[in-house]
Amino acid sequence: MGKTIAEKILSEHAGKDVKSGDLIIARVDVAMVQDGTGPLAVEAFNRMKLKALANPERSILFIDHAAPSPRKELSNAHKILREFADKYGAALSEVGEGICHQRLVEDFVKPGDVVVGADSHTCTSGALGAFATGMGSTDVAIAFGLGKVWMKVPETHRFVLKGKMPGGVFAKDLILYIIGMIGADGATYKAMEFEGEVIENMSMESRFTLTNMAVEAGAKTGLIATDETTRAYLRERNRESDFREIKPDPDAVYEKTYEIDVSGIEPQVSFPHTVDNTRPISEAKGVKIDQVYIGTCTNGRIEDLRIAAEILRGKKVAKGVRLIVIPASRNVYLKALKEGILEVFVEAGGAVLSPGCGPCVGIHQGVLADGEKVLSTQNRNFKGRMGNPNAFIYLASPATAAATAIKGEIADPREYL
Amino acid sequence: MILKGRAFKFGDDISTDHIAPGRYFHLRTNLPELAKHVLEDADPEFAKKVQKGDIIVAGRNFGLGSSREHAPRIIKIAGVSCILAKSFARIFFRNAVNIGLPLLECDTDPIDDGDILEIDLEKGLVKDLTKGIEIQATPLPKFMLNIIEDGGIEDHILKYGDFKLED
């Protein structure tokens, strides 16, 4: 019987042939925590009396959620991570280096890896053909110390994406559309495998946007087979030797297969307070917005900043709207700087901040006032997500965000492209 | 393991942002303090009302969102003995098992706020003593029961120095 991508990678890491539903102990290649979940992992590591790291170079502590620190409690949390990294020889990603998921795909994750992260959007790395999944702090503490985790092998839902993406419609619109269709628990416990001509023609950066949001449908991970696009991405990062072919068997068994023709999809907007509360732009236009945020692990990559800058070039942000732009990593920031993209945002009236999670976390850099509405390129719009339960979060693509910033209300990016 | 307590009802899609709001991010290294805000954005009075042994009874997709293990930990610190829901988000479910907080999936519609419940964890049987009815939940797999009985995965690892799990 053929295997899905998940079954193939997990069989390699369990040291035996496994299929969906099996309980396994899986070897871990990359384990990571961030500043919100890391201190608890350090505590758990110590309580379990673990003595050393199984794989120090690929045990990573990221300071990205509240970076730079807005208050002393978080400065102390950062210190815990720095001291742990120093004591055990783990990798440390400092203030300004960027968001964990972006840094993982840029510099750490290889196709075929098992990646566990104490952050739910760890599934982002799945676009590189790695089995990457979010877990708790204690799980990752065990992965740090023992180099393994317990896991159930998930069933896979296959998404065959056909047709041609219409102009002004991006990977973000596509994944919001899919989540709107299957619901916020439509893929709970499952792996989502994306394939088809849409994926074949899609950039690596857009693929990361798709897999990043797999967890918003409840999935354990999102997966994409590797191809020449994957190879080119790794080559650009000077690590082509990390490439290997990862693909499902032709006779793999899927619990469900969805065939979706993308040709008729419009730009999408998720309305408060759930990600699956999506509407096409034609039914979303006109909602007055106080703040626009372009950035995050979902949409803070160079491709995202380029399209937003294309729309904003020579224009001004509407009166009464704050535009916040945060590149996802130092690498993205430098590219945007050299391409003159950051200049476009600043001249349009935007505030460009240093790489990190920014206001998505709800602790700094753009917390909303009571009753305010924000349109953000992030992945979540739960009540209270951005620091105020009395605020309203709308999710959309960077193009829709840029158009909205100009108009001061939710706008169709196709009017500006 | 038999658990008994009073039901606190919640709706669908209770996220980890409802349970452990991001605005208290700085309290993540101070769990007893964070626990004073548990579920604040779903029920601002919950932390004051909840008593040791009480049971959370929710709808679909409880615990969706962030991987923050703080969410089940502060529910446990608040004294909750078990969570019943129509379904759970995966990372929350895993974290709850790992920290030794019992939870079961079952039809929660027949249970009302304030009902007294008695739960047989091994059998997955929920008795609503107030209503005099029984609800069969999906029993936990054996290895998850083992983790919970060991007091959580930390104690399991301390005890065996490794995983010792059987399906």
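Here the residue index of a chain counts from 1 through its sequence in written order. Chain A is the first chain written and ligand 1 is the first ligand written, with later ones labelled in order. Local features in this predicted model are restricted to residues whose pLDDT is 70 or higher, and side-chain atom pairs enter the listing and the counts only when it is 80 or higher, whereas totals over whole chains, interfaces and linings include all residues.

## Here we look at the overall build of chain A
For clarity, the cut-off: Only runs of H or I of at least four residues qualify as helices and only runs of E of at least two qualify as strands under DSSP, and these elements are numbered from the N terminus. Every radius of gyration here is taken over C-alpha atoms, with the globule rule written as 2.2 Å times N^0.38, N being the number of residues. Counting other C-beta atoms within 10 Å of a residue's own tells you its class, since 20 or more makes it buried, 12 or fewer makes it exposed, and anything in between is partly exposed; those C-beta atoms are placed from the backbone. We call two residues in contact whenever the C-beta atoms placed from their backbones are within 7 Å.
Each helix and strand in chain A was counted, giving 14 helices and 18 strands. Its C-alpha atoms give chain A a radius of gyration of 20 Å, near enough to 22 Å, the size a compact globule of 417 residues would have. Taken along the three principal axes of its C-alpha coordinates, chain A extends 60 × 50 × 40 Å. Within chain A, buried positions represent 64% of all 417 residues. In chain A, the proportion of contacts linking residues at least 24 apart, taken out of those at least 6 apart, comes to 76%.

## Topic: helix α2 (residues 38-47) of chain A
Counting buried residues along α2(A), seven of its ten residues qualify, which places the element largely inside the surrounding structure. Within α2(A), the full set of buried residues consists of A:G38, A:P39, A:L40, A:A41, A:V42, A:A44 and A:F45. If you follow the buried residues of α2(A), they end up packed against β2 (30-34), β3 (59-62), α3 (72-88) and α5 (137-146) of chain A together with α4 (70-77) and α7 (153-160) of chain B. Backbone geometry just downstream of α2(A) places A:K49 in the positive-phi region, at approximately 55 degrees.

## Here's the deal with the packing of α2(A) against α5(A)
All names here are of chain A. The criterion, for reference: Axes here mean lines fitted to C-alpha atoms, for a helix over just the part in contact, with angles spanning 0 to 180 degrees between N-to-C directions. Any angle from 65 to 115 degrees is called roughly perpendicular, while one under 35 is roughly parallel, one over 145 is roughly antiparallel, and all others are oblique. In this scheme the crossing of two helices becomes right-handed for a clockwise turn of the near helix relative to the far one and left-handed for an anticlockwise turn of less than a right angle. Side-chain classes follow a simple rule in which Ala, Val, Leu, Ile, Met, Phe, Trp, Tyr, Cys and Pro form the nonpolar group, Asp, Glu, Lys and Arg form the charged group, and the remainder, Gly included, forms the polar group.
Running from amino to carboxyl end, α2 crosses α5 at an angle of 55 degrees, the nearest separation of the two axes being 8 Å. What the angle tells us is that α2 and α5 run oblique. In terms of crossing hand, the pair formed by α2 and α5 is right-handed. In contact with L40, A41, A44 and F45 of α2, α5 contributes S137, T138, V140, A141, F144 and G145. Its residues assigned to classes, the contact of α2 with α5 comprises seven nonpolar, three polar and no charged.

## A few points about the domain arrangement of chain A
Residue and element names in this part refer to chain A. Basically, it comes down to this: As used throughout, domain bounds are those supplied by an automatic or database domain assignment.
On domain assignment, one finds that chain A holds domain 1 (5-260) and domain 2 (269-415). One C-alpha centre belongs to domain 1, the other to domain 2; they are set 24 Å apart. At the junction of the two partners, domain 1 supplies 34 residues and domain 2 supplies 33 residues. Taken together, the elements giving at least two residues each to the side of domain 1 that touches domain 2 come down to α4 (100-108), α6 (171-182) and α8 (204-212). Broken down by class, the residue content of the side of domain 1 that touches domain 2 amounts to eleven nonpolar, 15 polar and eight charged.

## Points about the interface of chain B and chain A
On the side of chain A, 45 residues touch chain B, which itself brings 38 residues to the contact. Breaking the side of chain B that touches chain A down by element, the ones donating at least two residues are α1 (16-19), α5 (90-98) and α7 of chain B. Per element, the largest residue contribution to the side of chain B that touches chain A is five residues, and it comes from α5(B). By residue class, the composition of the side of chain B that touches chain A is twelve nonpolar, 13 polar and 13 charged.

## Observations regarding the sheet that holds strand β9 (residues 191-195) of chain A
All names here are of chain A. Threshold: Two strands qualify as a pair provided that DSSP identifies no fewer than 2 bridges between them.
Strand order in this open sheet of four strands is β10-β9-β8-β11, and the pairing throughout is parallel. Since the sheet does not close on itself, it has two edges, and those belong to β10 (221-223) and β11 (256-261), each with one partner. Adjacent strand axes in the sheet meet at a mean angle of 20 degrees when their direction is disregarded. Pairing analysis gives six bridges linking strand β8 (residues 156-162) to β11, with the strands arranged parallel. Paired with K162 across the two strands is D261, which belongs to β11.

## Observations regarding the pairing of strand β14 (residues 291-294) of chain A
Residues and elements named next belong to chain A. Where burial is concerned, the two faces of β14 agree: the one with Q291 and Y293 and the one with V292 and I294 are both buried. For β14 and strand β15 (residues 322-325), the ladder comprises four bridges, and the chain directions are parallel. What sits directly across from I294, in β15, is V325. Where β14 lies against strand β17 (residues 373-376), three bridges are found, and the strand directions are parallel. Pairing of Q291 across the sheet is with V374, part of β17.

## Quick look at the UniProt feature "binding site: [4Fe-4S] cluster" (unreviewed entry) in chain A
Residues and elements named next belong to chain A. Where we set the bar: UniProt positions are given in the numbering used here, feature names are shortened, and annotations may be inferred rather than shown by experiment.
Annotation from UniProt places "binding site: [4Fe-4S] cluster" (unreviewed entry) at C297, C357 and C360. These annotated residues cover 64 residues of sequence, and their C-alpha atoms lie no more than 9.9 Å from one another, placing them together at a single site. Relative to the assigned elements, C297 resides in helix α10 (residues 296-299). C297 has contacts with I99, H101, Q102, H121, T124, N212 and A328, leaving out every residue within four places of it along the chain. Setting aside anything within four residues of it in sequence, one finds C357 in contact with D64, H65, I99 and T296.

## Some details on the environment of A:G371
Along the polypeptide, A:G371 turns up in the loop between β16 (351-352) and β17. Taking the C-alpha atoms as reference points, A:G371 and A:N277, separated by 94 residues in sequence, lie 19 Å from one another.

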